[in-house]
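Next come the chains, spelled out residue by residue.
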Amino acid sequence: MKTIEVDEELYRYIASHTQHIGESASDILRRMLKFTAGQTAPAAPVAQVVKEPAVVKSEPRPQDRVRAVRELLLSDEYAEQKKVVNRFMLILSTLYTLDAKAFGDATESLHGRTRVYFAGNQQTLTQNGTHTKPQHIPGTPYWVITNTNTGRKRSMVEHIMLSMQFPAELTEKVCGTL
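Residues numbered from 1 in each chain as written. Predicted model: local features only at pLDDT ≥ 70, side-chain atom pairs only at ≥ 80, totals over all residues. Heavy atoms only, no water.

(A) Just the overall build of the protein, in detail. Within the protein, the regular secondary structure consists of 9 helices and 3 strands. Traced from its N-terminal end to its C-terminal end, the protein shows the element sequence α-α-α-α-α-α-β-α-β-β-α-α. Per-residue burial over the protein gives 33% buried out of 178 residues. The long-range share in the protein, meaning contacts at least 24 apart out of those at least 6 apart in sequence, stands at 55%. In the form shown here, the protein has an accessible surface area of approximately 12000 Å², with 53% of it arising from carbon and sulfur atoms. (Helix = DSSP H or I, 4+ residues; strand = E, 2+ residues; numbered from the N terminus. Buried < 20%, exposed > 50% of the residue type's maximum accessible area, 1.4 Å probe, protein only. Contact = heavy atoms within 4.5 Å. Areas by Shrake-Rupley, 256 points an atom, 1.4 Å probe, with all protein chains shown as cover.)

(B) Broad picture of the environment of Ala 106. Its location among the elements puts Ala 106 in helix H6 (residues 100-108). In this structure, the C-alpha to C-alpha distance between Ala 106 and Met 164, residues 58 residues apart in sequence, is 7.1 Å. Ignoring sequence-local partners within four residues, the contact set of Ala 106 consists of His 159, Ile 160 and Ser 163.

(C) Layout of the packing of aromatic side chains. Under the defined criterion, the tally for this structure stands at 4 aromatic pairs. Taking 6.1 Å as the distance between ring centres and 90° as the angle between the ring planes, the aromatic pair formed by Phe 103 and Phe 118 counts as edge-to-face. Of the two residues, Phe 103 is situated in helix H6 and Phe 118 in strand S1 (residues 118-119); the sequence distance between them amounts to 15 residues. You'll find Phe 103 and Phe 118 in the same group, each marked buried. Geometry around Phe 166 places Arg 65 over its ring, the cationic atom sitting 4.3 Å from the centre. Sitting above the plane of the Phe 88 ring, Lys 153 keeps its charged end 6.0 Å from the centroid. (Phe/Tyr/Trp six-rings, centres within 6.5 Å; stacked < 30°, edge-to-face > 60°. Lys NZ or Arg CZ within 6 Å of the ring centre and 35° of its normal.)

(D) Summary view of the nonpolar core. Leu 95, Phe 103, Phe 118, Ile 160 and Phe 166 are the most contacted members of the largest nonpolar core, which totals 35 residues. Among the secondary structure elements, those contributing two or more residues to this core are helix H3 (62-74), helix H5 (84-98), H6, S1, strand S3 (143-145), helix H8 (150-163) and helix H9 (168-176). For this core, the element with the highest residue contribution is H5, accounting for 8 residues. With near-sequence residues (within four places) excluded, Ile 160 lies in contact with Leu 92, Leu 95, Phe 103, Ala 106, Thr 107, Leu 110 and Phe 118. (Core = buried A, V, L, I, M, F, W, Y, C linked by side-chain atoms within 4.5 Å.)

(E) Structural detail: the confidence of the model for the protein. Averaged over every residue, the pLDDT of the protein is 79; the share at 70 or more is 81%. Note on residues 46-59: pLDDT under 50 across the span, and 1 contact to partners over four residues away in sequence or across chains. (pLDDT = per-residue confidence, 0-100.)

(F) Main features of the sheet that holds strand S2 (residues 134-136). An order of S1-S3-S2 is seen for the 3 strands of this open sheet, with the pairing classed as antiparallel. Each end of this open sheet is capped by a strand with a single partner; those strands are S1 and S2. (Pairing = 2+ DSSP bridges.)

(G) View of H5. For H5, with 15 residues, the first-to-last C-alpha span of 21 Å sits near the 21 Å given by 1.5 Å per residue. Those residues of H5 lying buried are Val 85, Arg 87, Phe 88, Met 89, Leu 90, Ile 91, Leu 92, Ser 93, Thr 94, Leu 95, Tyr 96 and Leu 98. (Expected span 1.5 Å × (residues − 1).)

(H) Here's a closer look at the environment of Asn 86. With respect to the element layout, Asn 86 can be found in helix H5. With relative accessibility at 30%, the residue Asn 86 sits in the partly exposed group. Remark: the alpha-carbon pair of Asn 86 and Thr 146, spanning 60 residues in sequence, is separated by 9.7 Å. At 3.5 Å, the side chain of Asn 86 and the side chain of Gln 81 are in polar contact. (Polar contact = N/O pair within 3.5 Å; in protein donor to acceptor, adjacent residues only side chain to side chain.)

(I) Geometry of the packing of H8 against H9. At a minimum axis distance of 9 Å, the contact between H8 and H9 shows a crossing angle of 155°. Here H8 is positioned roughly antiparallel relative to H9, judged by the angle of their axes. The hand of the H8/H9 crossing is right-handed. Contacts between H8 and H9 pair Arg 154, Val 157, Glu 158, Met 161 and Leu 162 from the former with Ala 168, Leu 170, Thr 171, Val 174 and Cys 175 from the latter. Classifying every residue of the contact of H8 with H9 by side-chain character gives 7 nonpolar, 1 polar and 2 charged. (Axes fitted to C-alpha atoms, helices over the stretch in contact; angles between N-to-C directions. Parallel < 35°, antiparallel > 145°, perpendicular 65-115°, else oblique. Left-handed = near helix turned anticlockwise from the far one by under 90°. Nonpolar A, V, L, I, M, F, W, Y, C, P; charged D, E, K, R; others polar.)

The following block contains the structure:
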């Protein structure tokens, strides 16, 4: 087995083509390149450059959103997070990036008996509890309370993902990583 280094963008692209849990990068590349075991690879010019056509996207397709969440779970950045709260923040940030309106709609109805969980500013969250430990969700206009237990964080992510119409099995997988 040989080891190769690839940049983050290429890694995410390869990981986005995963078809089942446990599939190796070699298996993914073999499938993508239609390369079978024992086949000899044609010699390629060293300086060959392949340009991809520019793609303009308006709304992410459902499978693209699912792929993006799977990529997050496979990413080094996510794997390096040792604290639940940091993984929680990465998940929330990714969900917002995928569909800001649906994220906003999902968080609007999400609150506890006495607490507001999400708000557009820190003050709103501290008004409903003095020890809420609000944090800004990176890349979003939202703040979230973070002193809830892991079960509550899972519940919040589950509510948002299901409201955003992610598949139940992916939602369960994401919640299981918290």
